[in-house]
Amino acid sequence: MAITGLPQPPQIHRVPQFRYVDSIRWLPSISPFQKYLTVAFFDTDSGTPSLEIHSLSSSKTLSLLSSWNPPSRISSLKCTPSLIAASTFSGSLHCFSTAGKSLESVFAEPQISVVGRDFHVGPIGGVDLMEGGSDCVSVGEDGRVNLVKIGVEGYHGKGNCRRVFDGNGLVSYTAVRWASPTEFVTGGCGFGLQWWDLRRPGSAVAQFKDNWDQGTTSGIIHSIDIHPSRKHTCLAGGSAGTVFAWDLRWQQEPIILSGVGTNDAKTHSLSESDVWEVHYDCYMKSASSNTSSSRILPAMICSEDGILAVIEQGEEPLELLAEPCAINSFDINCQNPSDVICSLEWESIAILSRP
Amino acid sequence: MPRVASGSGGGGASDSITGALVPFLPDSQDAVVYPLRHGLKPPISRVSISWARGNTLRVSVFRSSPAESDSDEDVGGKVMEVRPGGNVDGQLSDAQWRRIAYGSVSPFALLQSRRNSALSVSKMGLSPSPYHLEWWEYVSEYSKDVSSLLGNPKSSAGPVIEDPKEVLKKVEEPTCLKAAWDLMEMFYADKLSQAWLPERLVDWLADYDSLLSDTQATVYLKLMEFQGRLVTLLVIEDDSRYWEVISSALAVAWLEIAVKMLRLHGSYQLDQLGSRETENGLVEAVAVLISKMPRLRPELGAGKLGECFKTKPDFMKAWERWRAQVTKLESSAFWLQCDHLQTREGLKNMLQIMLGNASILSTATCNWMELYISHILYIRPFTVGLESMYSLAQKCIQLKPMTIPHKLMRLIVGILGENTEVILAECSRDFGTWMAAHAIEFLTAGSDQAEVLLHEERDNLGGINIEELHRLIYAQVLSSHILTWQIAPIYLISCMKQGMGLLEILLYRQPVQHNQLLVKNLEICRLYELDSVSSNIMKIAGVYHWKHGRKGYGVFWLQQARDEVCLNRIAQQLFNSVGKSISDESFKQWEGLIELLGSESKPAGGLEFLHKYRDFKRSLKQVNDGKITDATQQAVESLMSLMKNTSTPQRFWLPILYDSLKLLYWQERPLLNVSQTNLLLNKLQELSMARLHPDFIEADLPPQALSSVRLALATNLGRAILEES
């Protein structure tokens, strides 16, 4: 893969953890000189999962600030400046408030824990926190879509949890992302995307189903992202290296950014294996001067075959990292987008600093 | 794990103490206690122990029967996993082993692909041997990559200001694994430095003598002990240990340590320099001689003493010159003027070491390995060839027999004796399966003879060769852990005979519950083009999800696996729940599943019916009484296509027709023409016949449904005939 447009490759530090890293996120910090991470670990030697906050020093060493043991492994992790939400494979959701607290005490006790058969049965596929708000949406393999209101300090109980939809297992959801305070998008099998509007309850207001390939294989959506300035467009990544954008204004025509299912010569196929996570990359300035709202902004992906890359519509992909093992999750520091962190299959973390 | 000690030196394989399979040593004191936190109230009635995954034991603790327990809340028993600390190399934790396992994947895979391309080149007749000239360079590169994983004992930076009394530098504790790997690399991979092999052994001992201290007396231990006493000694040269230690350091050519210690001699102190001038001169002369010792090697590390000579003639000349200088000093007249007895004796002793006095070398060294090194250095500095090195080693073992042979020493004996089987046996017994699987690359690259031996197919191993055997064993170990099973395929794929079969078993054995794990498993199938395995795994996953109520997931995976049979079967189950004419509300739940079934190109078994049925229901809902609209036409088309389609289950015929009553009684004009109505009537007739069959599933409809549909159809037929005539 040609490295283009980047004068220098990023600096890469690999930090072995001796534990499996289930998920990793930057934690927004108040001070510009401090960098914090929240990491979901799984220690196979003792069989214990843990959720930890670490501070990252300039010499790329991690030091533990706070730790908490969830009831089972973390399936999805999200952070906003004031909240951390973590869902588990056993179907529970745990939220922690970071506002007005020292990071050492964040994991002392969850602000809200939602557990039980009324919530989710089986693994939770994804959670998302509303930016600047206090609503957490969770979707699961059981086909349920739940909304949890994280209220004022000290408010506990199940009254703040609301069922938006119950698919009764007829569908399974694997990813979710807020689009606006009342809308969110879910993803699942068959490259299916569903657009939900809380003002029109009962069912999804728009559905997307892969119809670009006439082949016989399909896939699962693993990750969804929506850019705050383009709320009508939903970016999704999943099986077979597929990354596409679905614009609500042209619902039947997905814009395929990468994937093997297409015979389109214009689409660059970066990877043939599963794309585990996609995020818009605000660090990359669009190479094209065309800034129309229908153009898809640059996005970063990580894949099962160990590739971390930036892709852009109609451009050659830019590979940042090629590992011999899978990259399971990554996050771009929203305060300093040149910093990227990712979790590697072989029990380590890679920290990238882009020049 | 009790260390197996055998009486016979070196052998160790024939432990026949009491005919036990695993020798049990009653005198081993290192029993380990593993506390079990079962949290059960006594009495405990039964404990069962069995193997769990990997190297863990599953301990099940049972209380006496629950009927006797006082309250219902008491747990009847508990199952725990205990990990005995049975690491082959006690210095490495499981997590560190995993890190080595991960890191060695890429070098191993690279070497295999190079071997395969070399083999294909030789098959085409372009090169006479697969192991052409550059092969050892590849092995050397492989070796360096792996070696860097095992830690670098020389990496730690020393303090800026050196402690004058610190003789031994504190370095990161080396591991036996690294020591063993270095040894193999030295003998097999590094062809460039074959000429300097003895000197490399000297360096090796300097790096790893501390490891031998586990079971042997060593110079390293002596030095450590003396360093502890150093601070308390006032007149250092009066202490006999001081001279002993210096001689020992010199005997194994730790020259800089010997020189540094010599310069701690009291005569160097300014206030004594005047009165002990001759003594000081002698000490310094010996120190200078030591630091000028000729070495047959291209270079020395920073801070190391000695003079390097790359070619043998140069070295021989220098050696003779140096020896002459030593002899000259030995017979010097200045010794008579040296009043200090210990100094005189000590220095003379050192000169004897440099002159190669065998008995003094023997007293200065602690074990045969050290003695061997001292012999190589001072008695037979021109030793070349493994054969002569081996006979020298044998001689040293006789002089200083091992009581408890250290595993590294056993390995050295095997290497020097060029005994491939012994080397492999030592590798796998003492350094674990990882070592055996990876070190075999050295042995096959080492000599043609070893290559033939290791690649020979053996009937007693089920037709596989020794190389494959060790790779399979290692892959088995990798497969037993939930984090390392993913790298086992790399090793299995390099096994020609049984690798593929075991790989399929490994892939089938992985749990399908976790979506992520399942995807990773399928990815491996894709990489190795195991399409049938992949589709079987998808079927397993599909049925698993279906059984656990995740119907959508189940259908998805079965569709991916193109399993029409399973899809048809679960379709029947699904229809049971759809059976009752679906209300609008519940259809929203089905929406997602129906979307998934999607386009007709994908196999869906009987499920594609659902898609049409949904369209029919949807258009029927939009039909307004009285006016003919597009929706009405649509509804009629859907109705006809459903009834014409053979995949529409019979049990739905009546509900569909019953739902479309309002189409049949259309006020304005008959919506269905004569032939359409006839078709529906025929279907109805077929249905009436089928109802007599005992297997028929009755739809949940009012009893008069059939007759009202028949009436409606008849009415419509009449109107249609009138219309058309």
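On a predicted model such as this, the values are computed, not experimentally measured, just so you know.

Basis of the calculations
- Residues numbered from 1 in each chain as written.
- Chains lettered and ligands numbered in written order.
- Predicted model: local features only at pLDDT ≥ 70, side-chain atom pairs only at ≥ 80, totals over all residues.
- Heavy atoms only, no water.
- Helix = DSSP H or I, 4+ residues; strand = E, 2+ residues; numbered from the N terminus.
- Buried < 20%, exposed > 50% of the residue type's maximum accessible area, 1.4 Å probe, protein only.
- Contact = heavy atoms within 4.5 Å.
- Areas by Shrake-Rupley, 256 points an atom, 1.4 Å probe, with all protein chains shown as cover.
- Pairing = 2+ DSSP bridges.
- Axes fitted to C-alpha atoms, helices over the stretch in contact; angles between N-to-C directions.
- pLDDT = per-residue confidence, 0-100.
- Expected span 1.5 Å × (residues − 1).
- Arc of directions from axis to C-beta.
- Polar contact = N/O pair within 3.5 Å; in protein donor to acceptor, adjacent residues only side chain to side chain.
- Patch = residues over 30% accessible without salt bridge, like charges linked within 9 Å, V, L, I, M, F, W, Y side chains within 5 Å.
- Salt bridge = Lys/Arg side-chain N within 4 Å of Asp/Glu carboxyl O.
- Buried area = accessible area lost by both parts, 1.4 Å probe.
- Nonpolar A, V, L, I, M, F, W, Y, C, P; charged D, E, K, R; others polar.
- Phe/Tyr/Trp six-rings, centres within 6.5 Å; stacked < 30°, edge-to-face > 60°.
- Lys NZ or Arg CZ within 6 Å of the ring centre and 35° of its normal.
- Parallel < 35°, antiparallel > 145°, perpendicular 65-115°, else oblique.
- Left-handed = near helix turned anticlockwise from the far one by under 90°.
- 1 Å grid on protein atoms, 1.4 Å probe; cavity = no way out; pocket = protein on both sides within 12 Å on 5 of 7 lines; lining within 4 Å.
- Points joined across faces, edges and corners; volume = space filled by probe spheres on them.
- Disulfide = S-S within 2.5 Å.

**Focus: the overall build of chain B**
From N to C terminus, chain B includes 33 helices and 5 strands. Per-residue burial over chain B gives 48% buried out of 725 residues. Summarising the internal contacts of chain B: among those between residues at least 6 apart in sequence, 63% fall at separations of at least 24. Surface exposure of chain B reaches about 35600 Å², of which carbon and sulfur atoms provide 55%.

**Quick look at the overall build of chain A**
Of regular secondary structure, chain A possesses 0 helices and 28 strands. Burial analysis of chain A (355 residues in total) assigns 61% to the buried set. The contacts in chain A between residues at least 6 apart in sequence include a share of 49% that link residues at least 24 apart.

**Looking at the sheet that holds strand E26 (residues 327–332) of chain A**
All names here are of chain A. Strand order in the open sheet formed by 4 strands is E1-E28-E27-E26, and the pairing between neighbours is antiparallel. Among the strands making up the open sheet, the edge pair consists of strand E1 (11–16) and E26. Pairs of neighbouring strands in the sheet enclose a mean axial angle of 20°, with direction left out of account. Note that E26 and strand E27 (residues 339–344) share 5 bridges and pair antiparallel. Paired with Phe-330 across the bridge in E27 is Cys-342.

**What to know about unusual backbone geometry**
Residue and element names in this part refer to chain A. A positive phi is found at Asn-168, a non-glycine position, where the angle reads about 55°. As for its placement among the helices and strands, Asn-168 is situated in the loop between strand E13 (161–166) and strand E14 (173–180). Of note in this structure, Ala-240 is not a glycine but carries a positive phi near 55°. Its location among the elements puts Ala-240 in the loop between strand E19 (233–238) and strand E20 (243–247).

**A look at the sheet that holds strand E25 (residues 318–322) of chain A**
Residue and element names in this part refer to chain A. One open sheet accounts for 4 strands, arranged E22-E23-E24-E25; its pairing is antiparallel. Of all the strands in the sheet, the pair left with one neighbour each is strand E22 (275–280) and E25. Adjacent strand axes in the sheet meet at a mean angle of 15° when their direction is disregarded. Sheet analysis places strand E23 (residues 299–303) next to strand E24 (residues 307–311), joined by 4 bridges and oriented antiparallel. Across the sheet, Ala-299 pairs through a bridge with Ile-311, a residue of E24.

**Details of the confidence of the model for chain A**
Here chain A shows a mean pLDDT of 83. Residues at 70 or above account for 88%. No element of chain A has a lower mean pLDDT than strand E17 (residues 206–208) of chain A, at 82, and none a higher one than E26 of chain A, at 93.

**Overview of helix H12 (residues 341–354) of chain B**
Residue and element names in this part refer to chain B. For H12, with 14 residues, the first-to-last C-alpha span of 20 Å sits near the 20 Å given by 1.5 Å per residue. Along H12, the residues classified as buried are Thr-343, Gly-346, Leu-347, Met-350, Leu-351, Ile-353 and Met-354. Each buried residue of H12 lies within a common arc of 155° when the element is viewed along its axis, so the set occupies one face. Among the residues trailing H12, Gly-356 stands out with phi positive, at a value near 80°.

**Regarding helix H20 (residues 466–479) of chain B**
Residue and element names in this part refer to chain B. Helix length check: H20, at 14 residues, gives a terminal C-alpha distance of 20 Å against a target of 20 Å (1.5 Å per residue), a fit within 8%. Judged by how many residues are buried, H20 sits mostly within the fold: 10 of 14 residues are covered. For H20, the side-chain oxygen to backbone nitrogen distance between the N-cap and Glu-467 is 3.2 Å, and the N-cap itself is Asn-465.

**Let's talk about a nonpolar patch on the surface**
Residues Ile-44, Val-47 and Ile-49 of chain B make up a contiguous nonpolar surface patch of roughly 270 Å² in combined accessible area. For Ile-49 of chain B, the position within the fold is in strand E1 (residues 44–51).

**Thoughts on the side chain of Arg-144 of chain A**
Residue and element names in this part refer to chain A. Tracing the chain through its elements places Arg-144 in strand E12 (residues 144–149). Separated by 2.7 Å, the side chain of Arg-144 and the backbone oxygen of Arg-117 make a polar contact. Residues in contact with Arg-144, not counting those within four places in the same chain, are Arg-117, Asp-118, Phe-119, His-120, Val-121, Ser-138, Val-139, Arg-163, Phe-165, Asp-166, Gly-167 and Tyr-173.

**Some points on the interface of chain B and chain A**
Facing 43 residues of chain B, the contacting portion of chain A comprises 44 residues. When the two sides are added together, the surface that chain B and chain A hide from each other amounts to roughly 4000 Å², 55% of it contributed by carbon and sulfur. Here chain B is connected to chain A by 5 salt bridges. One salt bridge connects Lys-520 of chain B with Glu-345 of chain A, and the closest N-O pair in it is separated by 2.7 Å. Of all the elements in the fold, those that place two or more residues in the side of chain B that touches chain A are helix H1 (94–123), helix H23 (515–527), helix H25 (551–560) and helix H27 (584–597) of chain B. Tallied by class, residues from the side of chain B that touches chain A come to 14 nonpolar, 15 polar and 14 charged.

**Comments concerning the packing of aromatic side chains**
What describes a pair of aromatic rings is the distance from one ring centre to the other and the angle between the planes of the rings. Within this structure, the stated rule accounts for 25 aromatic pairs over all chains. With 6.3 Å between their ring centres and 85° between their planes, Phe-191 of chain A and Phe-244 of chain A make a pair best called edge-to-face. Separated by 53 residues along the polypeptide, Phe-191 of chain A in the loop between strand E15 (183–188) and strand E16 (193–197) and Phe-244 of chain A in strand E20 bring together distant segments of the chain. The pair formed by Phe-191 of chain A and Phe-244 of chain A is uniform in burial state, with each residue classed as buried. Ring plane angle 35° and centroid distance 6.3 Å describe the contact between Phe-226 of chain B and Tyr-242 of chain B, whose orientation is recorded as tilted. Of this pair, Phe-226 of chain B sits in helix H5 (residues 219–230) while Tyr-242 of chain B sits in helix H6 (residues 240–251), placing them 16 residues apart in sequence. The same class applies to Phe-226 of chain B and to Tyr-242 of chain B, which are both buried. Chaining the aromatic ring pairs together yields one cluster made of Phe-165, Tyr-173, Trp-178, Phe-184 and Trp-196 of chain A. In this arrangement the basic side chain of Arg-19 of chain A is found over the ring face of Phe-41 of chain A, its NZ or CZ atom lying 3.8 Å from the centre.

**Topic: the packing of helix H16 (residues 407–416) of chain B against helix H17 (residues 420–430) of chain B**
All names here are of chain B. As a packed pair, H16 and H17 sit with axes 8 Å apart at the nearest point and diverge in direction by 160°. With respect to their mutual orientation, H16 and H17 come out roughly antiparallel. Judged by the twist between their axes, the crossing of H16 over H17 is left-handed. Along its contact with H16, which presents Lys-407, Arg-410, Leu-411, Gly-414 and Ile-415, the element H17 presents Val-422, Ile-423, Glu-426, Cys-427, Arg-429 and Asp-430. Residue classes in the contact of H16 with H17 are distributed as 5 nonpolar, 1 polar and 5 charged.

**Thoughts on the environment of Gly-125 of chain A**
Residue and element names in this part refer to chain A. Mapping Gly-125 onto the fold places it in strand E10 (residues 124–129). By relative accessible area, which is 25% here, Gly-125 ends up partly exposed. Along the chain, Gly-125 and Cys-282 lie 157 residues apart, while their C-alpha atoms are 26 Å from each other.

**Digging into empty space enclosed by the protein**
Residues and elements named next belong to chain B. Under the definition given, this model contains 6 cavities of 30 Å³ or more. In this structure, the largest cavity occupies an estimated 140 Å³ of space. Taken together, 14 residues make up the lining of the largest cavity; nearest its centre are Pro-198, Glu-199, Leu-296, Phe-315 and Pro-381. Those elements giving two or more residues to the lining of the largest cavity turn out to be helix H4 (197–212), strand E4 (294–296), helix H10 (312–330) and helix H14 (368–379). Here the lining of the largest cavity is composed, by residue class, of 12 nonpolar, 1 polar and 1 charged.

**Structural notes on the environment of Met-184 of chain B**
Residues and elements named next belong to chain B. Here Met-184 shows up in helix H3 (residues 176–189). Remark: the alpha-carbon pair of Met-184 and Ile-412, spanning 228 residues in sequence, is separated by 8.9 Å. Those residues in contact with Met-184 that lie beyond four places of it in its chain are Ala-189, Leu-411, Ile-415, Ile-423, Cys-427, Met-435, Ala-439, Phe-442 and Leu-443.

**Here's the deal with the state of the cysteines**
Under the criterion given, the structure shown has 0 disulfides over all chains. With no disulfide of its own, Cys-566 of chain B lies 17 Å from the sulfur of Cys-189 of chain A, the closest cysteine sulfur. According to the relative accessible area criterion, Cys-566 of chain B is partly exposed, its value standing at 23%.

**Overview of the pattern of salt bridges**
Residue and element names in this part refer to chain A. Going through the model one piece at a time under the given rule, you end up with 40 salt bridges over all chains. Of the charged contacts in the structure, one is a salt bridge between Asp-339 and Lys-35, with a shortest N-O distance of 2.7 Å. Residue Asp-339 is located in strand E27, and its partner Lys-35 is located in strand E3 (residues 35–43); the two are separated by 304 residues in the primary sequence. Assessed through its relative accessible area of 4%, Asp-339 is described here as buried.

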